[in-house]
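Geometric and topological summary
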Amino acid sequence: MDNSRRRLLKGAAATGGAAAFAAGYSGPLVKMAKGVSGSAGEKPDHHIHGNSLAPEYTVDLKSGELTLNPDQRMAFTVCYGCTTKCGVRVRVDNESDQVLRSIGNPYHPLSSEPHLPMHTPVADALKSVSAYEEQGLAGRSTTCARGNAMIGQITSPHRVTHCLKRVGGRGERRWERIAFEDLIEEICEGGDLFGEGQVDGLRAIHNHDEPVDADNPEYGPKANQLLMMEATDYGRSAILKRFGFNAFGTRNYGHHGSYCGLAFRMGSGALLDDMAKFAHVKPDYTRAKFALFIGTAPSQAGNPFKRQGRLLAEARATGNLDYVVVDPGLNASASHAAGERSRWVPIRPSSDTAFAMAMIQWLIEHEAYAADYLAMPSPEATEAANENGHTNATHLVIETEEHPRRGHFLRRSDLGKLEGNVEAGSDADDVMVVNRDGELKPSREVRQATLFVERDIVIPGNDETADGNISVKSSLVKLRDTANEHSIEEYAEHCGIDARVIKHIAERFAAYGRDAVVDTHGGMMSATGFYGAYGLMMLNLLAGSFNRQGGAALGGGKFNGTGSGPRYDLSDFPGKRGPEGVFVSRTRFAYEDTSEYQRKVDAGENPYPARAPWRPLAPPILTEQLSSALDGYPYPIKAVIGCMANPLYGQAGLHTTIVDKLKDPKNLGLFVAVDGFINETNRYADYIVPDSVMYEVWGFTGAWSGTLTKMTTACWPIVEPRQDKTAEGEPISMESFFIATAKQLGLPGFGDKAIPDANGELHPLNRAEDFFLRAAANIAYMGEPLPEASKSDVQHSGIEPLLPKLTRTLPVEERSRVAYLYARGGRFEDHEDAFDGDKKLAHAWSRALCVYNPQVGTTFNSQTGERLSGTPCLQEPRFADGTAMREVYPEDDWPLLAFSYKSNVMNSYAIGLERLRMIKPYNPVLMHTDDAARHGIAHGDTVRIESPGNDALALALVSDGVMKGALGIEHSFGHTELGASEHRIDGEAFAGNDWVGAGISINDLGFADPTRDVAGTWLEGVSGASVRQGLPIRVSRAEG
Amino acid sequence: MDPIRRSLLGQLARLSAGAAMVPWSSVASAGINDQPARREGDPTKRYGMLIDLRQCIGCQACTVSCHIENDAPLGNFRTIVSQFEVEEENTGEVATFMLPRLCNHCDNPPCVPVCPVQATYQRQDGIVVVDNDRCVGCAYCVNACPYDARFINEKTQTADKCTFCAHRLEAGLLPACVESCVGGARMIGNMRDPDSEISRMMEKHRDELMVLQPEKGTVPQVFYLGMDERFTQRPEAEPGIWDVINEAGKELGYEFGH
Amino acid sequence: MSLVTEVVVPRYGIAWYPWAVQYFFLIALSYTSLWVAAPGIILGKQSWLNTSRLALLACVSTTLVAPVALLADLHQPLRFWHFYAHPTPWSWMSIGSFLLPLHLVCTVLLAWLAWRPALKARSQANDSWFSRIAGWIAWGNWQVSRKVMVLVGLAALATSLGMMIYTGAEVAIVKGRPLWHTAWLPPMFVATGAIGVCGLILFLNRLSGMRNADTNRQMLGIMAGACVVAGFIALTWFLDGANAVSGSVAAALDSVDQSSAWRTTAIEGGTAGVLLAVLAFLVRRAPGRRKAFGWILGLLALHVAWMFRWVVLMNVQTVARNSAGFHDYEIALGSYGLTGVIGIFGLWLTALLLIELFVPWREASLDPRRDAPAPADHSSATDAPASSASASADSQGVRHG
Ligand SMILES: Nc1nc2c(c(=O)[nH]1)N[C@H]1C(S)=C(S)[C@@H](COP(=O)(O)OP(=O)(O)OC[C@H]3O[C@@H](n4cnc5c(=O)[nH]c(N)nc54)[C@H](O)[C@@H]3O)O[C@H]1N2
Ligand SMILES: Nc1nc2c(c(=O)[nH]1)N[C@H]1C(S)=C(S)[C@@H](COP(=O)(O)OP(=O)(O)OC[C@H]3O[C@@H](n4cnc5c(=O)[nH]c(N)nc54)[C@H](O)[C@@H]3O)O[C@H]1N2
Ligand code: SF4
Ligand code: SF4
Ligand code: SF4
Ligand code: SF4
Ligand code: SF4
Ligand SMILES: [Mo]
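Within every chain, residues take consecutive numbers counted from 1 along the sequence as written. Labels are handed out in written order, letters beginning with A for the chains and numbers beginning with 1 for the ligands. The predicted origin of the model limits local features to residues at a pLDDT of at least 70 and limits the giving and counting of side-chain atom pairs to 80 or more, whereas totals for whole chains, interfaces and linings rest on all residues. The basis for the side-chain values is all heavy atoms of the structure; hydrogens and waters are excluded.

**Quick word on the nonpolar core**
We call a set of buried residues a nonpolar core when its members are Ala, Val, Leu, Ile, Met, Phe, Trp, Tyr or Cys and they connect through side-chain atoms within 4.5 Å of each other. Three exposure classes are used, based on accessible area relative to the maximum for each residue type with a 1.4 Å probe and protein chains only: buried under 20%, partly exposed in between, and exposed over 50%. Tyr-23, Leu-56, Trp-115, Trp-180, Met-223 and Leu-313 of chain C are the most contacted members of the largest nonpolar core, which has 138 residues in total. In this description a helix means any DSSP run of H or I spanning at least four residues, a strand means any run of E spanning at least two, and both kinds are numbered starting from the N terminus. By residue number, the principal contributor to this core is helix 1 (residues 18-42) of chain C, which donates 17 residues. Shared between two domains, this core holds at least three residues of each, these being domain 1 (12-173 + 332-362) and domain 2 (175-329) of chain C. Contact criterion: two residues are considered in contact whenever any of their non-hydrogen atoms come within 4.5 Å of each other. What Met-223 of chain C contacts, discounting residues up to four positions off in sequence, is Ile-195, Cys-198, Gly-199, Leu-202, Leu-276, Ala-280, Leu-297 and Ala-301 of chain C. Within the second largest apolar cluster, 127 residues are counted, among which are Val-78, Ile-239, Ile-641 and Met-734 of chain A. The domain limits used here are those given by an automatic or database domain assignment.

**A closer look at the packing of aromatic side chains**
Stacked, tilted and edge-to-face are the three classes assigned to paired rings of Phe, Tyr and Trp, where Trp is represented by its six-membered ring and a pair needs centres within 6.5 Å; plane angles under 30 degrees give stacked, over 60 edge-to-face, the rest tilted. A full pass over the atoms with the stated rule returns 60 aromatic pairs over all chains. With 5.0 Å between their ring centres and 20° between their planes, Phe-290 of chain A and Tyr-512 of chain A make a pair best called stacked. Remark: Tyr-512 of chain A occurs in the loop between helix 18 (499-511) and strand 19 (516-519) and Phe-290 of chain A occurs in strand 11 (residues 290-294); sequence separation between them is 222 residues. Residue class for Phe-290 of chain A comes out buried when judged on its relative accessible area of 0%. Seen from their ring centres, Tyr-84 of chain C and Phe-98 of chain C are 5.2 Å apart, and the 85° between their planes marks the pair as edge-to-face. On the criterion of sequence distance, the pair formed by Tyr-84 of chain C in helix 3 (residues 82-85) and Phe-98 of chain C in helix 4 (residues 92-124) is long-range, its members being 14 residues apart. Residue Tyr-84 of chain C is classed as partly exposed on the basis of its relative accessible area of 38%. Given the relative accessible area of 35%, Phe-98 of chain C is considered partly exposed.

**Notes on the interface of chain A and chain B**
Contacts between the two partners involve 94 residues from chain A and, on the opposite side, 86 residues from chain B. Buried area: the accessible area, evaluated with a 1.4 Å probe, that two parts lose upon being put together, summed over both parts. Between chain A and chain B, a total of about 7200 Å² is buried, with carbon and sulfur atoms accounting for 57% of that surface. Here, a salt bridge means any Lys or Arg side-chain nitrogen found within 4 Å of an Asp or Glu carboxyl oxygen. Inspection of the region where chain A meets chain B yields 8 salt bridges. A salt bridge links Lys-43 of chain A to Asp-133 of chain B; the shortest N-O distance between them is 2.8 Å. Between N or O atoms, a polar contact is any pair within 3.5 Å; within protein, one atom must be a potential hydrogen donor and the other a potential acceptor, and residues adjacent in sequence are included only when both atoms are from side chains. The interface formed by chain A and chain B holds 39 residue pairs in polar contact (both at pLDDT 80 or more) in total. Take the side of chain A that touches chain B: its biggest share by element is 8 residues, from helix 12 (residues 305-318) of chain A. By the convention adopted, Pro, Cys, Tyr, Trp, Phe, Met, Ile, Leu, Val and Ala count as nonpolar, Lys, Arg, Asp and Glu as charged, and the other residues, Gly among them, as polar. Residues belonging to the side of chain A that touches chain B are distributed by class as follows: 43 nonpolar, 31 polar and 20 charged.

Printed below as a string of structure tokens:
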């Protein structure tokens, strides 16, 4: 090779090297290019504080003088980060209208403890959370991680801001934009909307003249063929219900209750004798001394999440509270740092009745119950003893088989002792008890009744029973009977907790006497949940801790502004309708009262089983509504309007059970969703109406039990909603949607003359604020009217943007009182008003607590024709027709039981938030060390989980932090929507981030009840609650 | 870790936490890698934090509020709370342990002397800060901090860390993580003031307080109450599962990896 | 089963990128190569002249490229001037920032002085552009005394020692990473640097076509020695820390205990080291094998030196400090990963080739007056006559000039 060739080659190689360098060094070069301006990155605002936010105000640490930052405002509103709905204080940048951060509202009991008295000037409230005199340490008012991260919802790239109409088939994820006014027109008038044939519009469905089914007239009018559904009341439900029930007049409305905690709520309702609203209690954490958490996980989740977490934490540190957490999975409630004061005991999923009955048996056997308290048979007796509330422990249940009132309490009328015009069965027809002298007496006349009574009562002239006698048992005997059906060892075997441990827990529980309290919730969403919850609440009853400080507390309730209030009547209006007929969920209606039953009886057939379960005790349940409607039993639904609800993600097995039918417009003509996002459910909608999200809404949210004082949180659009506007310039939202639809259909209760004031004069309902500001006026004027807001209050609470709306809507005298309310984010009873003398709570439950619930005990199972037990008793997970789950899915084939628990950072719709995903991007499933070993699975392995309905892959977190034989799945992951999948809007890509779909959802492992004819997911027998705890599964190591 | 070794470390943990309460006399800074003189900040104050782990519920409110307040890039944390399942050796009972971490504003901060341009320094009130305008982004301090309290902020391309929210302290407000602490576990205050809440708590719990990695001689000024001494060190644990997959088994990896 | 299971723990990325590996690799080659250049170029030892010329080439090229890599590891590269605006004598990195340019100046000055005679000679030859460029580089016709050159050389040696100390200390003082925080790390950097530079010179010896037998022998000898020293350091490190409850050995044992990747690394690293030592020893002894395998061993040695730094700097950063296990680190493809690594090697190659093209480095000499180098033992030192043809072909231009 000659020299020049050689040089040429070397030169070429050098050039190659240089090129490689240029490519490899591009990164630093780019930085250098940027760095010419002084920084290779974005130059932050401050050389030390970087881009930290400018403080919203400053407080001089010496003088306490407070100076507001003129570039920001702070406003009080509500957090939508979860159903706790805490009151928060939000910082907004004035120039950009961006929310900067949120923190707790110090007036609000869900965010601070103790909360500030309402009369505190706002400026002082702001000082109380500052470093001035270190006030903020004790005065802390917080938002949780989710609440903080939720500000991302407002600017989320996954947010829907335009009206959308589907293109192509349902669920194909293709949409086109449509004007709001066209959307209203199309859904009201119907027509060939999708090129698939005629679709009935709301006008056609709004038919109150014809029955939906002439053969079954009890079903009600055709107007019932509209189903309204929503998640829960985020403070705006009043408008939805006004439209649905009272303007349109449909029977069918459902919310997430039936797949949230209905089994608990109904079990609780059974004990509290409230089968209408299912009142429930929570521990009074401020003074509790011993608590048993079973199937609820305070500080991991729970309602109210933050308040429980805060108070539990504080009690751990002060040493005031000892507690035991009985749960299939270990969670944040059981704190290692708190040492022996908190303890976790693993339990087999869906076996809580066994645990509860064992405890009840032990307590009764050892007479470790509040005997004197239980012996008080009436309000008169408790009042005399300075107690809050009484129980029916001593009331006598009619046991005689053939007695027409079998299962009811023996009343004076049953003894033929009714005087005057007292109606049999009314309150005045007093129940009978046996006094200490063994005499049968009306309960009101007895201070202390006999607890255990089992006798035949001879009734002269009685011809209702064969021997003329009525045999009765006191409620407590009935409870003892069911509790003694099995030994503690058998119960122990059933629930997987060693009998010694159960006895130990019972001993500890008993040792605290009336200071022991039990709490439960989501863990009851198993096939035995109703009786589980009833049984567990029974422990509070036996301990006598209801209505007591440190015991089981009802809570203070709320100021309801949307009823008939001191200023306006928001529940009544000219032309108002009341819904009629049978719920499509076949609830609150006895099968025995149907035409179907009658026809079978008339034909001499055995009327049982009904075609599908009827549940007379249950409220309208969304868990049945969709699947039943799609199968047309009792009748089909023609249109669904869903507002921010996501049953297809939230209800175990629903997706598998109904999705194919839902896709077919023949089964359901019209599905309109009002939502801020595209979720797993409204993905199948025909239209999506964009809605306001958190901080952009009007509304009033109530309190949770466990909040001991009365309160209502107010919210108003503290930032301008980002979605499109209507032609009138109002933001498109749930409210404007119902207003426009009602006007299009000419329904009453909306439009110019819709809201009567106290003088009967009518006011308009054309905008959301027409409704909510008047509700605010009602709240402000309830009881002693609120004072007027000062100028300083207005300045410090960022409500200036609200003032023009107040002026536009309310008469002058109402304005500044309403401003006072908004300046503090609601109305709150003072902290000290929670307590009464003698360990009593101020807000108490006054109805008799049920050791035996006659309403339950006289109800029949529509599938088996059997009577329900009126006391808690051992239950086995069963399907609708009564077959045991293990008969269909034996343990040999399905060795594990899956359960789910809530994520402590996520919630069901939080997965789109990057700031939460970065902390918890994924949910590995909990497997016990022994189960893992048995299946050859190691920590971190990929496992295949199979259920009767589906299968999925997940990573295994192997430890002893879960019950043997159980598999725990953290809820809120495994999404397919909310940003996880790509949609096309007008042909353009929208969303589609794989990470939003990370993880696994237990609900995808749910399945249809194999014993049902009318399709339905596996539901708890009494309540119809979704069964998501204790699903039979099997696991195997996935290859690769 | 064997028990002897552990208890030794635990002993050390206690001792050093105790030592921190005695004013730390700074070593004459003559040699290489010695602490430079502190500058700026209020010399009458010495900020410290006390975290009562019995009150930490692991809610991560601190993590997220800090992240927002201080505009940290996704996936980087000035503070975060680790969560562990812990088995009690004696009883076999299992419970959850939460451990919030942030910059310890060490009295002998190893991150400071390494900085080649004095961009990071300790103020007289004890707060260790970074001057964004001066930092060259060499990440030396990031490696030097034993607590992973620092990171390179990809937006600013400079070192980033907890400042005890100095901007809020100066405004008479509380740091984001403290004001949003749901469990009420975090407390900040001036340790030079004997009447401050933190001084009183430290006095009261003098023997129980622990700090992280005391043997490193960094003299941390974030004190823990209710600490399990095993966690003052890198824990011996089954590692967290860091893979991310979806139901179909698709591997996604960590979204915010750097 | 462990008593503790992590449920939520943060993930941390790495703070120093592969640029750091490149810097530490090149800079170790830089200071060690200067020491190999010293006998021939500074002390005038004839038997080392050929080796030292190669070493000088290695030294200049690595010294020029290393800071480029270092600059890239700054997230604010254009703020490098802050180092000089804010001198910080207590910071090893700051000290390094002053040493590095000094070192660069000294080594480049030394090389320039050593190359000038030949450059001047080439500038007078009739080699068109190359002569002209040689003239420019030579920059005038003046001469410095041999004494000055020795002085410059000694200065360079001093800065090289400084570089050695600072690069070692800079890492070893980091308490935050127990695996770094050991007094045995700096000597190990030096030993592996020496291994690397022997490898580099062996490789260049072959690549340049010089194929000098003495060079092969000398380098293999030093390499074998360096391997022994490295082994000795590793052993002492281990023994020193084997019983300690904490510290770098404990940390290393933990890592090896917990991670199969670390076990593999440890085994591979150990094997490569031992293999290299054994091979160096074996190959060194027979001229035939030296000639045939020297350069291959050279590559292996470079690999060992580079890998050592990769493991120390990159892998150690993946050891979680406050949680169990290891952080994910997958080398990225782009600038801050593989392409960057290759880019620096590309720049190095370019530097070598540019010198090769424009500088008659083969004639480097301590004697400022020598016009034509022609080492006395040129042909005898060449392993094979066949290669001398090609080797001399290159130098011809100069010789005839
Ligand atoms: N962080 C967070 N907080 C929340 C929410 C959230 O999404 N995230 N959601 C809010 C809502 S809507 C609700 S309803 C509440 C619910 O709050 P909780 O009722 O406290 O929470 P869940 O996770 O539903 O269930 C409680 C516990 O029941 C356990 N469990 C499961 N199966 C069984 C069983 O068969 N028996 C027993 N004994 N236990 C079982 C689970 O492991 C879980 O720990 O939380 C509210 N707060
Ligand atoms: N396996 C399992 N299943 C469960 C649970 C569990 O613990 N485990 N928990 C159950 C419980 S307790 C509940 S309460 C239910 C919850 O179930 P749902 O209440 O049906 O579902 P969410 O996901 O809360 O639905 C709210 C929807 O509202 C929309 N949305 C979110 N924020 C906004 C907003 O600001 N504005 C508007 N307009 N829309 C918004 C989103 O599309 C979101 O999907 O899930 C239940 N399902
Ligand atoms: S608990 Fe958290 S997410 Fe839920 S409402 Fe309160 S602040 Fe928001
Ligand atoms: S914790 Fe780390 S960053 Fe903070 S002062 Fe200590 S060493 Fe420096
Ligand atoms: S990254 Fe910045 S603050 Fe940290 S050592 Fe380097 S220059 Fe100093
Ligand atoms: S003090 Fe401020 S910067 Fe430090 S962790 Fe708390 S919120 Fe973050
Ligand atoms: S906010 Fe407080 S309670 Fe919640 S994780 Fe952080 S330190 Fe713990
Ligand atoms: Mo719920």
